[in-house]
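Residues per chain are reported as follows:
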Amino acid sequence: MPEAIAQTYTRADEAFDCLQTAIVKGDLVPGEKIGEVELCSRFNLTRGPLREALGRLESRGLLVRRPHAGVKVVSVSADELMELYRIRETMEGLAARQAAERMTDQEIADLSATLDSHERMIEQAQGQAYYQAEGDYDFHHRIATGSRNTKLAQMLLGDLYYMVRMYRYRLSTSSGRPHMALGEHRRIVEAIAQRDGELAEFLMKRHIHAARKNIEKKIQQGELTI
């Protein structure tokens, strides 16, 4: 019995990771209606693990369930997305400042090593994408936890984090953007390593501001549909 339970959880975790990655990378697009039969066939999943995965994705705010309308991938309006980025600009700027004050030398070294792995990934993608898995492999996640500000981290790493990841990846596929974003990340880490909280905050705000302006430009040019 315990083995069967463990196997079920393992399959549910795999289903969850598979679907979350599909949402983040845009294989399941915002607003897309999804059904269990289609998902099982498309991603080679079985019903039990799939249903558990759908529940977890719904709790993270990546799926929404409407009466008589089924389940859809969450979507936001262009104005709502701009507001999300304005919120990030302020909150992550503060996180970067506090990370400069509170991260250990080893944590900073580990963060720099993470960016080295990101650079290899970008090269493998021939500079066309910058995908960061969630958690410790995610630059922004590491900064939030490194701030040692529990309330701030909870706000940044809650629903806001998972929703923003959907759009971060889509924007990272812009021509030249992966290398540019990586360079911005490295300059933020350099400021943190120098314990310059003011500079770290300024660079993080500028980084997210640049991403927001990139979104606005893409929406205006019809290259990004929300």
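Keep in mind that this is a model prediction, so the values were computed, not measured.

A. Molecular detail of the packing of helix α4 (residues 78-102) against helix α10 (residues 197-220). Put simply, α4 and α10 touch, their axes get as near as 7 Å, and they point 165° apart. Here α4 lies roughly antiparallel to α10, going by the angle between them. The hand of the α4/α10 crossing is right-handed. For the contact of α4 with α10, a count of residues per class yields 13 nonpolar, 4 polar and 10 charged.

B. View of the sheet that holds strand β1 (residues 33-34). Here 3 strands make up an open sheet; going across it, the order is β1-β3-β2 and the pairing antiparallel. Either end of the sheet is taken by a strand with one partner, and the two such strands are β1 and β2 (63-66). Where β2 meets strand β3 (residues 70-73), 4 bridges bridge the pair, whose relative direction is antiparallel. If you follow Arg65 over to β3, its bridge partner there is Val71.

C. Seen up close, the pairing of β3. Across 2 bridges, the pairing between β1 and β3 is antiparallel. Bridge pairing links Ile34 to Val71 in β3. The loop that links β2 with its antiparallel partner β3 comprises 3 residues; one of these, His68, has a positive phi angle of about 70°.

D. Geometry of helix α6 (residues 139-146). With 7 of 8 residues buried, α6 is to be regarded as a mostly interior element. Residues of α6 that are buried: Phe139, His140, His141, Arg142, Ile143, Ala144 and Gly146. Where α6 starts, the residue carrying a side-chain oxygen 2.9 Å from the main-chain nitrogen of His140 turns out to be Asp138.

E. Up close: the packing of aromatic side chains. Throughout the structure, instances matching the rule amount to 1 aromatic pair. Geometrically, the ring pair formed by Tyr161 and Tyr162 is edge-to-face, given 5.0 Å between the ring centres and 75° between the ring planes. Accessibility assignment for this pair places Tyr161 and Tyr162 in one class, buried. We note Arg56 situated over the ring of Phe16; from NZ or CZ to the ring centre the distance is 4.0 Å. The lysine or arginine in question, Arg88, covers the ring of Tyr85, its NZ or CZ lying 5.0 Å from the ring centre.

F. Main features of empty space enclosed by the protein. The final tally for this structure, using the stated rule, is 2 cavities of 30 Å³ or more. Together, Arg88, Glu92, His140, Ala144, Leu156, Leu157, Leu160, Tyr161, Val164 and Arg168 line the second largest cavity. Per-element tally for the lining of the second largest cavity: the top contributor is helix α8 (residues 159-172), with 4 residues. Residues belonging to the lining of the second largest cavity are distributed by class as follows: 6 nonpolar, 1 polar and 3 charged.

G. Seen up close, the nonpolar core. Judged by nonpolar contacts, the single largest core of 68 residues is most densely connected at Leu19, Leu28, Tyr85, Ile143 and Ile192. There are two domains that each give this core at least three residues, and those are domain 1 (11-73) and domain 2 (78-221). Sequence-distant contacts of Tyr85, defined by excluding residues within four places in its chain, comprise Val164, Tyr167, Arg168, Leu171, Ile208, Ala211, Arg212 and Ile215.

H. A look at the domain arrangement of the protein. Segmenting the protein into domains produces domain 1 (11-73) and domain 2 (78-221). Just the C-alpha atoms count here: the centres of domain 1 and domain 2 sit 26 Å apart. Between domain 1 and domain 2, a total of about 1000 Å² is buried, with carbon and sulfur atoms accounting for 61% of that surface. Counting across the interface, domain 1 meets domain 2 through 0 salt bridges. Inspection of the region where domain 1 meets domain 2 yields 1 residue pair in polar contact (both at pLDDT 80 or more). Per-element accounting of the side of domain 1 that touches domain 2 gives the leading share, 4 residues, to helix α1 (residues 2-24). In the side of domain 1 that touches domain 2, the residues fall into 5 nonpolar, 4 polar and 2 charged.

Calculation rules
Residues numbered from 1 in each chain as written. Predicted model: local features only at pLDDT ≥ 70, side-chain atom pairs only at ≥ 80, totals over all residues. Heavy atoms only, no water. Axes fitted to C-alpha atoms, helices over the stretch in contact; angles between N-to-C directions. Helix = DSSP H or I, 4+ residues; strand = E, 2+ residues; numbered from the N terminus. Parallel < 35°, antiparallel > 145°, perpendicular 65-115°, else oblique. Left-handed = near helix turned anticlockwise from the far one by under 90°. Nonpolar A, V, L, I, M, F, W, Y, C, P; charged D, E, K, R; others polar. Pairing = 2+ DSSP bridges. Buried < 20%, exposed > 50% of the residue type's maximum accessible area, 1.4 Å probe, protein only. Polar contact = N/O pair within 3.5 Å; in protein donor to acceptor, adjacent residues only side chain to side chain. Phe/Tyr/Trp six-rings, centres within 6.5 Å; stacked < 30°, edge-to-face > 60°. Lys NZ or Arg CZ within 6 Å of the ring centre and 35° of its normal. 1 Å grid on protein atoms, 1.4 Å probe; cavity = no way out; pocket = protein on both sides within 12 Å on 5 of 7 lines; lining within 4 Å. Points joined across faces, edges and corners; volume = space filled by probe spheres on them. Core = buried A, V, L, I, M, F, W, Y, C linked by side-chain atoms within 4.5 Å. Domains from an automatic or database assignment. Contact = heavy atoms within 4.5 Å. Buried area = accessible area lost by both parts, 1.4 Å probe. Salt bridge = Lys/Arg side-chain N within 4 Å of Asp/Glu carboxyl O.

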